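Coordinate analysis (summary)
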Amino acid sequence: MDTDQFRDVGKEMIDYICNYLENIGERRVTPNIEPGYLKKQLPLEAPHDPEDWAQIMADVESKIMPGVTHWQHPRFHAYFPSGNSFPSILGDLLSAGIGCIGFSWAASPALTELETIVLDWLGKAIGLPDQFLAFKEGSRGGGVIQTSASECVLVSMLAARAQAIKRLKQQHPFVEEGLLLSKLMAYCSREAHSCVEKAAMICFVKLRILEPDEKSSLRGKTLLMAMEEDETMGLIPFFVSTTLGTTSCCAFDNLEEIGQVCRKFPCVWLHVDAAYAGGSFICPELKYLLKGIEYADSFNTNPNKWLLTNFDCSTYWVRDRIRLTSALVVDPLYLQHGYSDATIDYRHWGVPLSRRFRSLKIWFVLRTYGISGLQRYIRNHISLAHRFEEHVVRDRRFEICNEVKLGLVCFRLKGGDKLNEKLLSNINASGKLHMVPSNVNDKYVIRFCVVATDADEEDIDYAWEVIKEFAEELLEAQSA
Ligand code: PLP
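Note on numbering: residues in each chain are counted from 1, in written sequence order. In view of the model being predicted, local features appear only for residues whose pLDDT reaches at least 70, and side-chain atom pairs are presented and counted only at 80 or more, with totals across whole chains, interfaces and linings using the full set of residues. In computing side-chain values, all of the structure's heavy atoms are included and hydrogens and water are not.

We now examine the sheet that holds strand 6 (residues 298–301). Sheet architecture is open: 7 strands sit in the order 1-7-6-5-4-2-3, paired in mixed fashion. Taken across any chain shown, the strands that pair with only one partner, and hence form the sheet edges, are strand 1 (142–146) and strand 3 (206–210). Between one strand axis and the next, the sheet turns through 20° on average, direction left out of account. Only heavy atoms enter the contact rule, under which two residues are in contact if any of them lie within 4.5 Å. Axis definition: a line fit to C-alpha positions, over the contact stretch in the case of helices; interaxial angles, taken between N-to-C directions, run 0 to 180 degrees. Comment: elements are numbered from the N terminus, with helices defined as DSSP H or I runs of at least four residues and strands as E runs of at least two. Sheet strands touched by helix 4 (residues 109–126): strand 1, strand 6 and strand 7 (314–318). Its angle to strand 7, the strand with the most contacts, is close to 80°. Any two strands are treated as partners once DSSP identifies two or more bridges connecting them.

Okay, the side chain of asparagine 420 next. Structurally, the position occupied by asparagine 420 is in helix 13 (residues 417–430). If we ignore the near neighbours within four places in the chain, the residues touching asparagine 420 are Arg412, Leu413, Gly415, Tyr444 and Ile446.

Right, let's talk about the domain arrangement of the protein for a bit. Taken domain by domain, the protein holds domain 1 (3–82), domain 2 (100–357) and domain 3 (377–479). Taking only C-alpha atoms into account, the centre of domain 2 sits 33 Å from that of domain 3. In this complex, domain 2 contributes 24 residues to the contact, which on the side of domain 3 involves 20 residues. Carbon and sulfur atoms supply 60% of the area buried between domain 2 and domain 3, which totals about 1600 Å² over both sides. We count a salt bridge whenever a side-chain nitrogen from Lys or Arg sits within 4 Å of a carboxyl oxygen from Asp or Glu. Counting across the domain 2 and domain 3 interface gives 1 salt bridge. Those domain boundaries reflect an automatic or database domain assignment. Summed over both partners, the accessible area (1.4 Å probe) lost when two parts come together is defined as the buried area.

With that settled, the discussion passes to the sheet that holds strand 11 (residues 443–449). Spatially, 8-9-11-10 is the arrangement adopted by the 4 strands of the open sheet, whose pairing is antiparallel. Each edge of the open sheet is held by one strand with a lone partner, namely strand 8 (398–400) and strand 10 (436–440). Each strand of the sheet is rotated relative to its neighbour by a mean of 45°, with strand direction disregarded. Relative to strand 9 (residues 408–413), strand 8 is paired through 3 bridges, and the arrangement is antiparallel. Bridged to isoleucine 400 within strand 9 is phenylalanine 411. In the packing of helix 13 onto the sheet, contacts are made with strand 8, strand 9, strand 10 and strand 11, and the angle to strand 11 comes to roughly 30°.

Turning our eyes to something else, we now look at the site of the ligand. Put simply, a residue is near a molecule or strand once any heavy atom of it comes within 4 Å of that molecule or strand. Around the ligand, the structure places 13 residues, and the nearest of them are Ala149, Ser150, Thr247, Asp273 and Asn302. With respect to the ligand, the backbone of alanine 149 contributes an N or O atom lying 2.8 Å from an oxygen atom. Two N or O atoms form a polar contact when they lie within 3.5 Å of each other; inside protein one atom must be a possible hydrogen donor and the other a possible acceptor, and for residues adjacent in sequence the pair counts only when both atoms belong to side chains. Within the contact set of the ligand, an oxygen atom lies 2.5 Å away from a side-chain nitrogen or oxygen of serine 150. For the ligand, whose free accessible area comes to 390 Å², the fraction covered by protein is 86%. Gly is put with the polar residues, along with every residue not named as nonpolar or charged; the nonpolar set is Ala, Val, Leu, Ile, Met, Phe, Trp, Tyr, Cys and Pro, and the charged set is Asp, Glu, Lys and Arg. Per-class residue counts for the shell around the ligand are 4 nonpolar, 7 polar and 2 charged. The Shrake-Rupley method, run with a 1.4 Å probe, gives the accessible areas here. Residue values count only the displayed protein chains as cover.

With that settled, the discussion passes to helix 8 (residues 220–232). In a helix, the anticipated span is given by 1.5 Å times the number of residues less one. A rise of 1.5 Å per residue sets the reference length of helix 8, with its 13 residues, at 18 Å; its end C-alpha atoms lie 18 Å apart and thus fit the reference within 8%. Listed in full, the buried residues belonging to helix 8 are Gly220, Leu223, Ala226, Met227 and Asp230. Down the axis, helix 8 shows its buried residues gathered within 135° of arc, on one side only. Seen from the open side of helix 8, the exposed residues pointing more than 90 degrees away from its buried face are Lys221, Met225 and Thr232. Buried residues in helix 8 make contact with strand 2 (184–189), strand 3, strand 4 (236–243) and helix 9 (255–263). At the C-terminal side of helix 8, glycine 234 shows a positive phi close to 90°. Exposure classes here rest on a 1.4 Å probe applied to the protein chains alone. A residue is buried below 20% of its type maximum, exposed above 50%, and partly exposed in between. The arc in question is formed by the directions pointing from the helix axis toward the C-beta atoms.

So, about the pairing of strand 3. For a regular strand, side-chain orientation follows a simple rule: the groups alternate between the two sheet faces. Judged from the 5 bridges that link them, strand 2 and strand 3 form a sheet pairing that is parallel. Residue pairing for strand 3: cysteine 188 is matched across the bridge by isoleucine 209. For the crossover from strand 2 across helix 7 (residues 194–203) to strand 3, the handedness is right-handed. Think of it like this: strands point away, you trace from the first strand over the helix to the second, and a clockwise trace means the crossover is right-handed.

Before going further, it helps to examine the pattern of salt bridges. Applying the stated criterion to the full structure yields 31 salt bridges. Residues glutamate 229 and arginine 208 are paired through a salt bridge, measuring 3.0 Å at the closest nitrogen-oxygen approach. One end of the pair, glutamate 229, is in helix 8; the other, arginine 208, is in strand 3, with 21 residues separating them in the sequence. Since its relative accessible area comes to 24%, arginine 208 is described here as partly exposed. The partner of glutamate 256 in a salt bridge is lysine 291, with the nearest N and O atoms 3.4 Å apart. Of this pair, glutamate 256 sits in helix 9 while lysine 291 is found in the loop between strand 5 (269–273) and strand 6, placing the two residues 35 residues apart along the sequence. Exposure remark for glutamate 256: the relative accessible area of 25% places this residue in the partly exposed category. With relative accessibility at 52%, the residue lysine 291 sits in the exposed group.

This paragraph deals with a nonpolar patch on the surface. A patch consists of residues whose relative accessible area exceeds 30% and which take part in no salt bridge; residues with like charges are grouped when within 9 Å of each other, and nonpolar side chains (Val, Leu, Ile, Met, Phe, Trp, Tyr) when within 5 Å. On the surface, Ile14, Leu90 and Leu93 cluster together to form a nonpolar patch covering roughly 250 Å² of accessible area. When you line up the elements, isoleucine 14 lands in helix 1 (residues 3–22). Taking the relative accessible area as the measure of exposure, isoleucine 14 reaches 36% and is therefore partly exposed.

What follows is about the pairing of strand 6. The two faces of strand 6 match: Ser298 and Asn300 on one face and Phe299 and Thr301 on the other face are all buried. In the sheet, strand 5 pairs with strand 6 via 3 bridges, with the strands oriented parallel. Opposite histidine 271, over in strand 6, you have serine 298 as the bridge partner. With 4 bridges joining them, strand 6 and strand 7 adopt antiparallel strand pairing. Within strand 7, the residue paired with phenylalanine 299 across the bridge is tryptophan 317.

As structure tokens, this is what we get:
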């Protein structure tokens, strides 16, 4: 493809995306296909000769789109939002066009510098303490973009592990590192995302999963009892992962209590995972949800969930960047440069070496919406979630199963798990709405998340009508 052709088909691609997003409501929200559907339609070998662009795009519509789940669809209420907006799409496009790789400052200075600046902007808007910001006088902290929240949790655990082993090695210089490793214990709530368990598997450390209270919130007392018990068994608490806005029901661990407990244990690294909820802290009235952040060593949120920024974009801040990088620095000659002491080399802040120019898209989003535009977007989602909650509350056949603080409502038909499983499976099979289940206080519940960028009251009322219609059908069939 030459430049002239790219200019033409590039414009057509923008048109295709605009048409897709403008008319997305006309498609089924989930695909109606069987596993392996695509293998039947595509050749088993890559083409030997060049193919025509028009034919490739025709295949996108006829073969690929039928297998797409439309996360931007107004009837998609599953998981959490998958951030999207035109400025963000343009940021990704420009990043791809520039095509640079920014593993060190020298490899592409603007990439590194914009990332640091934008992370400071966002950290300030969220309300993180000054120690997490790179450009605050006397601060040792700073922010970085990772690919996913899972990666943020993993690098936090890696840093915590390195810090703990270093400390233990000083106390017991003749004890094998393997033996010290076998004593380390990490902690999280049963409500924490499964990525904490995965991180513990990768780090080869023990993880104690603790029971939250009846509001699905991990409490300080529970953590303290577990840590003290483990210490008496000769184990060494070294890492605690808390969640602000859990995946199942958007519950909040009691960070303030947990932080105070962590302070009693010299080796412990406290991580805060706010993958979904963190974006909402840009609203002054929601900052109370961050209470206790002053105790944290690291914090992550995904603008690619709730700040109109496309995947991938998981923003991660640490209080002390040296404690993070000392777990991850490997420094071959071919990656060194003359400004290492005065600049940030993000290759030391995470697992991958190569990194894209991801800060462009957040920069575009922050500048085109402004903090006030993003606040309006978040507030709209929250008020729509409350509208949905009111529909549920008014109908005595249903019950609400979580405290609705942000954009997620967990609900169910009063009755058994089987009844609700059937309700959800009937709704999803219809293709009219898409939701996923979760477990809250040992009950099967249906999660309704406000997801679409421009969601409005009509979308919420429509969803409620569909849910009611399927519930009525099911309850009638049951009583017949
Ligand atoms: N943490 C929380 C609280 C989440 O809700 C999720 C996903 O929804 C994750 C972590 C994992 O996110 P990622 O897909 O960015 O790894």
